[in-house]
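# Remarks on the overall topology
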Amino acid sequence: MREARITAPGLARMKRERRKIVMLTAYDYPFAEIFDRAGIEVLLVGDSLGNCVQGNDTTLPVTMDEMVYHCRMVARAARHALVVGDMPFGSYQTSIEEAVRNAFRLVKEGGAHAVKLEGGDRVADRIEAITRMDVPVMGHVGLTPQSVHRMGGYRVQGRGERSRERVFRDARAVQEAGAFAVVLEGVPRDLAREITAELRIPTIGIGAGVGCDGQVLVLHDLLGLSSEPPPRFARQYVLLAEIAERAARMFAEDVRDEKFPGDHESY
Ligand code: KIV
């Protein structure tokens, strides 16, 4: 029988029992329902929706209202999965009070069970304050897309000795601040493996090799829903964009040839 609801402490148990954690992004009811049915443990309402749903170049324009809107759709569909709402750029940086207020919004209005925010020791006080208010926090270190301008692009982090130390320090800071899990994005696999071995909390990798406690992919990369080729670290399991385009072309042809609607599709 399936566990009723995946919880933050349940993920820690999975790490202890060496069971891999599977996380996918979801942004609406139908895909959240499919992924939940497939037994995916964590549904992340990622601010990556800024790229793959809204068509922006970065995640930076995403607002709190938009995150709440998408969280609500995903939370309605999730019967089993833990729903994590991403805190968008500008929603937690300005002050601790603002960070706590916006975390509450994702839970109260969006129905999220937990929130995620980017950064290590520089956001540790936010993580501590939010978790103290009973909202579980997932950290996110390494390549943090909201820092795109500081990083000078989406670059793998932790390659040199100093950068490696910084990623390690950030991961430790996130754990010490009370996060229940941490995303390791765009870091060398040996570094991710070392961090995973040291931390008590689960690590969830994206572009971080197989040694993490779990893996996450963006829905559009998994399902081949974007016109761009997927990033190197992603695996495309199906090409839904092609299937959808074929269906649209077939419909258009039927309409133009007056083959749609047929008798049984008419009143
Ligand atoms: O926004 C997002 O989808 C994410 C994942 C890539 C981890 O942060």
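Everything in this summary refers to the structure shown in the same document. The written sequence of each chain sets the order in which its residues are numbered from 1. Since the coordinates come from a predicted model, pLDDT governs what is reported: local features require at least 70, and pairs of side-chain atoms require 80 or more to be given and counted, while whole-chain, interface and lining totals use all residues. As a rule here, side-chain values cover all heavy atoms of the structure and leave hydrogens and water aside.

Another aspect to go through is the overall build of the chain. For the purposes of this entry, the term helix denotes a DSSP run of H or I that reaches at least four residues, the term strand denotes a run of E that reaches at least two, and both are numbered from the N terminus. Summing up its helical and strand segments, the chain has 11 helices and 8 strands in all. Two things to know: the radius of gyration comes from C-alpha atoms, and the globule rule equals 2.2 Å times the number of residues to the power 0.38. Against the 2.2 N^0.38 benchmark of 18 Å for 267 residues, the chain shows a C-alpha radius of gyration of 20 Å, consistent with a compact globule. Only four residue types enter the charge count, namely Lys and Arg as positive and Asp and Glu as negative; His and the chain termini do not. One atom stands in for each charge, and that atom is NZ of Lys, CZ of Arg, CG of Asp or CD of Glu. With 36 positive and 38 negative side-chain charges, the chain shows a separation of 6 Å between the mean positions of the two kinds.

So, about helix 8 (residues 161-176). Take the residue count of a helix, subtract one, and multiply by 1.5 Å to get its expected span. For helix 8, built from 16 residues, the straight-helix expectation of 22 Å at 1.5 Å per residue is met to within 8% by its first-to-last C-alpha distance of 22 Å. When we look at burial in helix 8, the residues that qualify are S163, R164, V167, F168, D170, A171, A173, V174 and Q175. Its buried side turned inward, helix 8 meets helix 6 (124-132), strand 5 (137-142), strand 6 (181-185) and helix 9 (189-198). In the segment just after helix 8, G178 is the residue with positive phi, at about 110 degrees. Exposure categories follow from relative accessible area, calculated using a 1.4 Å probe and restricted to protein chains: below 20% of the type maximum is buried, above 50% is exposed, and the middle band is partly exposed. What makes two residues a contact is simply this: any of their non-hydrogen atoms within 4.5 Å.

We now examine the site of the ligand. Close contacts around the ligand come from T25, L44, G46, D47, S48, D86, K116, H140, V183, I206 and V218, and that covers them all. In the model, an oxygen atom of the ligand is placed 3.0 Å from a nitrogen or oxygen of the D47 side chain. As used in this structure description, the phrase polar contact means that two N or O atoms lie within 3.5 Å; if the pair is within protein, one of them must be able to donate a hydrogen and the other to accept it, and residues adjacent in sequence are counted only when both atoms belong to side chains. Interatomic distance of 3.1 Å between a side-chain N/O atom of D86 and an oxygen atom of the ligand. Gly is placed with the polar residues, together with every amino acid not listed as nonpolar (Ala, Val, Leu, Ile, Met, Phe, Trp, Tyr, Cys and Pro) or charged (Asp, Glu, Lys and Arg). Class assignment of the residues belonging to the shell around the ligand gives a composition of 4 nonpolar, 4 polar and 3 charged. Proximity is defined per residue: any heavy atom of the residue falling within 4 Å of a molecule or strand makes that residue near it.

The residue E118 is located in the loop between strand 4 (114-116) and helix 6 in this model. For salt bridges, the criterion is a side-chain nitrogen of Lys or Arg within 4 Å of an Asp or Glu carboxyl oxygen. The side chain of E118 is buried and forms no salt bridge, while K116, the nearest opposite charge, is found at 4.6 Å. At 2.8 Å, the side chain of E118 and the backbone nitrogen of Q146 are in polar contact. Sequence-distant contacts of E118, defined by excluding residues within four places in its chain, comprise D47, Y92, V123, H140, T144, P145, Q146 and S147.

Our next topic: the pattern of salt bridges. Tallied over the full model, the rule gives 14 salt bridges. A salt bridge links E98 to R101, with the shortest nitrogen-to-oxygen separation between them at 2.8 Å. A residue pair is termed a helical-turn pair when its members lie 3 or 4 positions apart in one helix, as E98 and R101 do in helix 5 (residues 96-108) at 3 residues. For E98, a relative accessible area of 26% translates into the label partly exposed. Look at R101 and you get partly exposed, because its relative accessible area is 49%. As a salt-bridge pair, E109 and R105 come within 2.9 Å of each other at their nearest N and O atoms. E109 sits in the partly exposed class, given a relative accessible area of 36%. Among the charged side chains, a salt-bridge network with shared partners connects D65, R105 and E109.

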